[in-house]
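Listed below are the residues making up each chain.
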Amino acid sequence: EKWFLDEVYPSLLSWNRWWPKYRDNKGFLSWGSDPHPRGMDPHTKQAAMFESGLDNSPLFDEAEFDTNNNMLDQASAGLMGLYVADCNNLAEIAGILGKADDVQELKRRSLQYSNKLQELWDEKSGIYRDKDLKTGKLSKHLSPTNFYPLLGKVPSQQQAERMIKEHIMNPEEFYGEWMIPSIARNDPGFADNTYWRGR
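Residues numbered from 1 in each chain as written. Predicted model: local features only at pLDDT ≥ 70, side-chain atom pairs only at ≥ 80, totals over all residues. Heavy atoms only, no water.

Description of empty space enclosed by the protein
Note the cut-off: Whether a set of points on the 1 Å grid over the protein atoms alone is a cavity depends on a 1.4 Å probe fitting there but being unable to get out, while an open set qualifies as a pocket with protein on both sides within 12 Å along at least five of seven lines; lining residues are those with an atom within 4 Å of a point. Grid points are joined across faces, edges and corners, and a volume is the space filled by probe spheres set on the points. Classes in brief: Ala, Val, Leu, Ile, Met, Phe, Trp, Tyr, Cys and Pro nonpolar; Asp, Glu, Lys and Arg charged; the others, Gly included, polar.
Tallying each qualifying case throughout the model produces two cavities of 30 Å³ or more. The computed volume of the largest cavity comes to approximately 40 Å³. Along its surface, the largest cavity is lined by Trp31, Leu54, Leu59, Phe60, Gln74, Ser76, Gly78, Leu79, Asp130 and Thr145. Here the lining of the largest cavity is built from residues that sort into five nonpolar, four polar and one charged. Its volume calculated, the second largest cavity comes out at about 30 Å³. Every residue lining the second largest cavity is listed: Glu62, Ala63, Glu64, Asp73, Asp132 and Lys134. The residue makeup of the lining of the second largest cavity, split by class, is one nonpolar, no polar and five charged.

Structure below.
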């Protein structure tokens, strides 16, 4: 229904443009929290974790909040995967609506963050990992968000196969009677089994 695309597209494009403007962190995307006059404890690490929707995930245990740029000092493979998927889908909508300039804009951002995502690829373990932007170290934690680059069609066929075979189908991590827990089964945080820590 083209009328519906016409109706929602301006808001979706505005939201897409917001992320690189306010959450680009050294070329990556990071979760953050801007100062706010009211609300739940804004401009803190916890507020940035709330922005992710994974409020107490072990993904953020070692992350630090930078009050200068309002973001976690952690590149998020999950956020970047979702963002690339968003750019790709909006580019398709822009094409349907005949907005050629927007198509090019969105494809440029898709490519930009797809390329940065490759810097988060851990060849040793065969998956994308979050990265500490102060130390340069890749995170030891794995959650379902580490698979989000698949949504953006960022991995090569070989990378995608490794992610599936070595992690989703790995009973020590995400495979089992209850598929894809909120943190890998072999993560120390899994035993907590509280909200995003555990099953």
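Examining the packing of aromatic side chains
So the rule is basically this: The aromatic pairing rule takes the rings of Phe, Tyr and Trp, using the six-membered ring of Trp, and pairs them if the centres are within 6.5 Å, calling planes under 30 degrees apart stacked, those over 60 edge-to-face and the rest tilted. Runs of H or I in DSSP of at least four residues are treated as helices and runs of E of at least two as strands, each being numbered from the N terminus. Here's how the labels work: a residue is buried when its accessible area is under 20% of the maximum for its type, exposed when over 50%, partly exposed in between, all with a 1.4 Å probe on protein chains only. Two thresholds decide whether a charge sits over a ring: the Lys NZ or Arg CZ must be within 6 Å of the ring centre and within 35 degrees of the ring normal.
Under the definition given, this model contains 10 aromatic pairs. Ring centres of Trp15 and Trp18 lie 5.4 Å apart, and the angle between their planes is 25°; this geometry places the pair in the stacked category. Of this pair, Trp15 and Trp18 both sit in helix α1 (residues 2-22), three residues apart, roughly one helical turn. Judged by relative accessible area, which is 23%, Trp18 ranks as partly exposed. Here the aromatic residues Trp15, Trp18, Trp19, Tyr22 and Trp31 are joined through ring pairs into a cluster of three or more. Of note, Lys116 hangs over the ring of Phe28, and the distance from its end group to the ring centre comes to 4.3 Å.

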